[in-house]
2 protein chains.
Amino acid sequence: MTLPWPLIGTPLAEVLTPMPVIDEDRLEANIARAQGFMDAQGLAFRPHIKTHKIIEVARAQIAAGAVGINCQKLTEAEVFAEAGFDDILITYNILGAAKLAGLRDLNARVARLTVVADSETTVAGLAAAFASGKPLAVLVECDTGGGRCGVQTPAEAAALAIKIAEAPGLRFQGLLTYPSVGGAAAVEGFLQATMALLAARGIDCPVRSNGGSPDLWQANLVPSATEHRAGTYVYNDRSMVRAGECGAQDLAMHVLATVVSRPTPTRAVLDAGSKALTSDLLGFSDFGEIEGLAGARIVSLSEEHAVVDLSACSGALPEVGDQVRVIPNHTCVVSNLFERMVFHRGGRVTRVEDVAARGTVW
Amino acid sequence: MTLPWPLIGTPLAEVLTPMPVIDEDRLEANIARAQGFMDAQGLAFRPHIKTHKIIEVARAQIAAGAVGINCQKLTEAEVFAEAGFDDILITYNILGAAKLAGLRDLNARVARLTVVADSETTVAGLAAAFASGKPLAVLVECDTGGGRCGVQTPAEAAALAIKIAEAPGLRFQGLLTYPSVGGAAAVEGFLQATMALLAARGIDCPVRSNGGSPDLWQANLVPSATEHRAGTYVYNDRSMVRAGECGAQDLAMHVLATVVSRPTPTRAVLDAGSKALTSDLLGFSDFGEIEGLAGARIVSLSEEHAVVDLSACSGALPEVGDQVRVIPNHTCVVSNLFERMVFHRGGRVTRVEDVAARGTVW
């Protein structure tokens, strides 16, 4: 049986492809850089672990100074709770008897667990599930321009906060948003207005949680925020370079791929398809960037093939059997395709970690 | 710990979401319909197991009359070989020492193993790896308009066939193509021309393998084909309905999702994001179809959220906590996100199968 996972010390050139690989030096630098910035701004930093889903990477983020972690779903949080993480924020509306029962178990085990809510229905479900036992901390999720979840106005936010505060088993902990890129002013305005309404009612609002990797270095533009959440910064990807959040030298994840075919002078086929890169375009017109092959465009993906248009390339072109390094458009979703993740330094494999929370979508 | 996988007998309304679920009756009908058509045309049928990656589903396809199975990568084939499948075609250029060693092991274990090649480099690697032991059967992969892998002309195909035939450890078994949709005439022309060149050289060409689910019911339009390969037909998806390959009543896979937010009168958010549906658009302008909610459009996906635009809907709209059924744009990639797959009949769970070959991209 072919073993896809390489041994420690294996040169990258000998790693079976397709394989995402993480540069240890760049990973360390990304963790330190973001934490250092947040420390300098006086902001608590709460990394979103969805980008890596790996226990040891989250431990490194905590060791650097993160206040806790952000998970996106109940079952993702359960994996990290099992590993001993004691401050977990789940940024999701949790609904339904089974998930609420799981949330009760989790709240009993995790020292500081917080969830979000953006509707009376969600709050009513939480209130009923936590009518007894250790109270649950809840943030009101606010839509400050992101256009996804969240109450739409400061008045709605205050009203929902009051509902949470009135429930015996819930504690209103504050506000949270996942903003639109470049939307700092909208976030600040929404938070200030909501805090004013709450203050007029004598309701404390200790946490104001802002988020996003694209605006990570502008986190200080929201003075009312007490913490910042970000996931993608830890590995970075093509979309982060485009957003100006990092440079190419900060890209910690590459997907190693092999050229399996050169059917024509201007076409190559790689063995990294949508089951290694995903079809996430994130506004790009192609499916990834090939390092060191300027002009090459990954124009289509099948599940196990990437078709590359070489017509705009000059210079040496890769041949059948050559290994290339692909910069993915979106790193978080690549992590979710693999059971394990390969790390490297100095061109050799250093460790292979379990992607412990792979597939935890419930 | 919350258990995402439901017990047998669970009503679908109680299944944790997001969850892909397979309708047993429709699955059976899809398997029988395609096999019956191929039998009537006198074509061997070789299902591509990448769509389901499940041992029991492949067994059902063989039981219905399939001649063998099609896998896309070496490690995918290894899973099915381990389960006893004795006729396996791997439609991939296999390169590099480690993969070729794995291929040697596989060829010793599988009664009838076949691979493809589209370059002299690939053939040379195979020839060297199989210089001793049981010979390996090889098909020449031909590009008949699909624009992915494959030799570009009948003359190239014949030349490569000769290279294969000349290698002591290889057996030239025939030709294979993955055509462009509606490209039957191009396939037939390419096969005929290549066969003529080979016949002139006294080289037999026993297998002519055509493929694709979109043109499954037009497989007879390529009279020179001896077998047809198809994967997607077994579950079907939105792209198959659009291609006219099936009707809505033949859709065996749905992704169950819950409405977790109704932030505005025209917006809903579901808990099925790209980590449950993938971002595969396949030419659609939205990320899936919600059954029974005409006019609803899944306009954006985050990893764990689907944002739905309800502005074109009339009639009752779903509320927070309601379950909906999403028809995915592309079924094959959804299978690859989940460790297990839930099956149902009469509104209740019948079994939960391991997606045994999930993540086998090497």
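Because the structure is predicted, anything quoted here is derived from the model rather than measured. (Residues numbered from 1 in each chain as written. Chains lettered and ligands numbered in written order. Predicted model: local features only at pLDDT ≥ 70, side-chain atom pairs only at ≥ 80, totals over all residues. Heavy atoms only, no water.)

Often the size quoted for an interface is simply the accessible area lost on bringing the parts together. Facing 65 residues of chain A, the contacting portion of chain B comprises 65 residues. Across the chain A/chain B interface, buried area totals approximately 5300 Å², and carbon plus sulfur atoms make up 55% of it. Linking chain A with chain B are ten salt bridges, by the criterion used here. We note a salt bridge from B:Arg358 to A:Glu339, for which the minimum N-O separation is 2.9 Å. (Contact = heavy atoms within 4.5 Å. Buried area = accessible area lost by both parts, 1.4 Å probe. Salt bridge = Lys/Arg side-chain N within 4 Å of Asp/Glu carboxyl O.)

Turning our attention to the sheet that holds strand E2 (residues 44-47) of chain B. Residues and elements named next belong to chain B. The sheet built from eight strands is open, its strands ordered E2-E9-E8-E7-E6-E5-E4-E3 with parallel pairing. At either end of the open sheet lies a strand with only one pairing partner, and these are E2 and strand E3 (69-71). Pairs of neighbouring strands in the sheet enclose a mean axial angle of 30°, with direction left out of account. With three bridges connecting them, E3 and strand E4 (residues 87-90) associate as parallel partners. Within the sheet, the bridge partner assigned to cysteine 71 lies in E4 and is isoleucine 90. (Pairing = 2+ DSSP bridges. Helix = DSSP H or I, 4+ residues; strand = E, 2+ residues; numbered from the N terminus. Axes fitted to C-alpha atoms, helices over the stretch in contact; angles between N-to-C directions.)

Centre-to-centre distance and the angle between the planes together describe a pair of aromatic rings. All chains considered together, the criterion is met by ten aromatic pairs over all chains. For the pair A:Phe80 and A:Phe85, a centre-to-centre distance of 5.4 Å together with 70° between the ring planes defines the contact as edge-to-face. A:Phe85 carries the same exposure label as A:Phe80, and that label is buried. For the ring pair A:Trp362 and B:Phe338, a centre distance of 6.0 Å and an interplane angle of 65° mean the geometry is edge-to-face. In this pair, A:Trp362 sits in the segment after strand E17 (348-354) while B:Phe338 sits in the loop between helix H10 (331-335) and strand E16 (340-345), so the two residues belong to two different chains. Through successive ring pairs, a cluster of aromatic residues spans A:Trp5, A:Phe338 and B:Trp362. Geometry around A:Phe130 places A:Arg104 over its ring, the cationic atom sitting 5.8 Å from the centre. The ring of B:Phe343 has B:Arg351 lying over it, and the distance from NZ or CZ to the ring centre is 4.2 Å. (Phe/Tyr/Trp six-rings, centres within 6.5 Å; stacked < 30°, edge-to-face > 60°. Buried < 20%, exposed > 50% of the residue type's maximum accessible area, 1.4 Å probe, protein only. Lys NZ or Arg CZ within 6 Å of the ring centre and 35° of its normal.)

Any two packed helices are characterised by how steeply their axes cross, that is the angle between the axes, and by the distance between the axes. Residues and elements named next belong to chain A. Taken N-terminus to C-terminus, the directions of helix H4 (residues 97-109) and helix H5 (residues 120-129) make an angle of 55°; their axes are 10 Å apart at the nearest point. Classified by the interaxial angle, the pair formed by H4 and H5 is oblique. For H4 against H5, the interelement crossing comes out right-handed. Only Gly125, Leu126 and Ala129 of H5 make contact with H4, whose side of the interface consists of Leu100, Leu103 and Arg104. Of the residues contributing to the contact of H4 with H5, the split by class is four nonpolar, one polar and one charged. (Parallel < 35°, antiparallel > 145°, perpendicular 65-115°, else oblique. Left-handed = near helix turned anticlockwise from the far one by under 90°. Nonpolar A, V, L, I, M, F, W, Y, C, P; charged D, E, K, R; others polar.)

This paragraph deals with the environment of A:Leu95. Residue placement: A:Leu95 occurs in the loop between strand E4 (87-90) and H4. Here A:Leu95 falls in the buried class, since its relative accessible area comes to 16%. Considered as a pair, A:Leu95 and A:Thr122 are 27 residues apart in the sequence and their alpha carbons are 6.3 Å apart. Each residue touching A:Leu95, except ones within four places of it in the same chain, is listed here: A:Thr122, B:Val259, B:Val260, B:Val320 and B:Gly321.

Turning to helix H7 (residues 184-200) of chain A, a few remarks are in order. Residues and elements named next belong to chain A. Relative to the 24 Å expected for 17 residues at 1.5 Å per residue, H7 spans 24 Å between its end C-alpha atoms, a close match to the ideal helical length. Among all positions in H7, only Ala184, Val187, Glu188, Phe190, Leu191, Thr194 and Leu198 are buried. Projected down its long axis, H7 shows its buried positions confined to an angular sector of 165°, all on one face. Turned more than 90 degrees away from the buried face of H7 sit Ala185 and Ala200, all of them exposed. (Expected span 1.5 Å × (residues − 1). Arc of directions from axis to C-beta.)

Here we take up the environment of A:Val123. All names here are of chain A. Residue position: valine 123 is located in helix H5. Separated by 109 residues in the primary sequence, valine 123 and threonine 232 have C-alpha atoms spaced 29 Å apart. Setting aside residues up to four positions removed in sequence, valine 123 forms contacts with Ala117, Leu160, Lys163, Ile164 and Leu170.

Cis peptide bonds are those with omega within 30 degrees of zero, and the linkage from A:Thr17 to A:Pro18 qualifies with 0°. Even without a glycine there, the phi angle at A:Lys53 is positive, about 60°. Within the fold, A:Lys53 resides in the loop between strand E2 (44-47) and helix H2 (55-63). Residue class for A:Lys53 comes out buried when judged on its relative accessible area of 0%. For B:Leu282, which is not glycine, the phi dihedral falls at a positive 50°. One can find B:Leu282 in the loop between helix H9 (274-277) and strand E12 (288-290). For B:Leu282, a relative accessible area of 31% translates into the label partly exposed.

Next up on the list: the pattern of salt bridges. Using the criterion set out here, one finds 52 salt bridges over all chains in the structure. Between B:Asp286 and B:Arg297 there is a salt bridge whose closest N-O contact spans 3.8 Å. Taken together, the positions of B:Asp286 in the loop between H9 and E12 and B:Arg297 in strand E13 (residues 297-301) put the pair eleven residues apart, joining distant regions of the chain. Given a relative accessible area of 32%, B:Arg297 falls into the partly exposed group. Through salt bridges with shared partners, one network takes in A:Arg46, A:Asp86, A:Asp87, A:Arg112 and A:Glu227.

When chain A is fitted to chain B, the residual RMSD is 0.0 Å, and the transformation amounts to a turn of 180° plus an axial shift of 0.0 Å. Both chain copies can therefore be described as sitting about a two-fold axis. For chain A, the minimum C-alpha distance to the rotation axis belongs to A:Ser279 and amounts to 2.8 Å. Most of the interface of chain A is mirrored in chain B, where 100% of its interface residues are also at the interface. (Least-squares fit on C-alpha atoms with pLDDT ≥ 70 in both.)

A few words now on the pairing of strand E6 (residues 136-142) of chain A. Residues and elements named next belong to chain A. Of all seven residues in E6, seven are buried, a share of seventy percent or more. Side chains Leu136, Val138, Val140 and Cys142 project from E6 onto one buried face, and the interleaved Ala137, Leu139 and Glu141 project onto a second face that is buried too. Pairing geometry for strand E5 (residues 112-117) and E6, over four bridges, is parallel. Across the sheet, residue alanine 117 finds its bridge partner in E6, namely valine 140. Handedness of the crossover joining E5 and E6 through H5: right-handed. Here E6 runs beside strand E7 (residues 170-177); their pairing, made up of seven bridges, is parallel. Within E7, the residue paired with valine 140 across the bridge is leucine 175. (Right-handed = clockwise from strand over helix to strand, strands pointing away.)

On to the domain arrangement of chain A. Residue and element names in this part refer to chain A. Under the domain assignment used here, chain A contains domain 1 (12-20 + 245-354) and domain 2 (24-235). On a C-alpha basis, the centroid separation for the pair domain 1 and domain 2 is 33 Å. The interface of domain 1 with domain 2 comprises 20 residues on the first partner and 22 residues on the second. Interface area, domain 1 with domain 2, both sides summed: about 1700 Å², of which 50% is carbon and sulfur. For domain 1, the biggest contributors to the area lost against domain 2 are Glu245, Cys332 and Arg345; these three give 33% of the whole. Where domain 1 touches domain 2, the interface holds four salt bridges. Across the pair glutamate 28 and arginine 345 runs a salt bridge whose closest N-O atoms are separated by 2.7 Å. Between domain 1 and domain 2 we count 13 residue pairs in polar contact (both at pLDDT 80 or more) in total. If you list the elements that add at least two residues to the side of domain 1 that touches domain 2, you get strand E10 (253-264), helix H10 (331-335), strand E16 (340-345) and E17. Its residues assigned to classes, the side of domain 1 that touches domain 2 shows seven nonpolar, seven polar and six charged. (Domains from an automatic or database assignment. Polar contact = N/O pair within 3.5 Å; in protein donor to acceptor, adjacent residues only side chain to side chain.)

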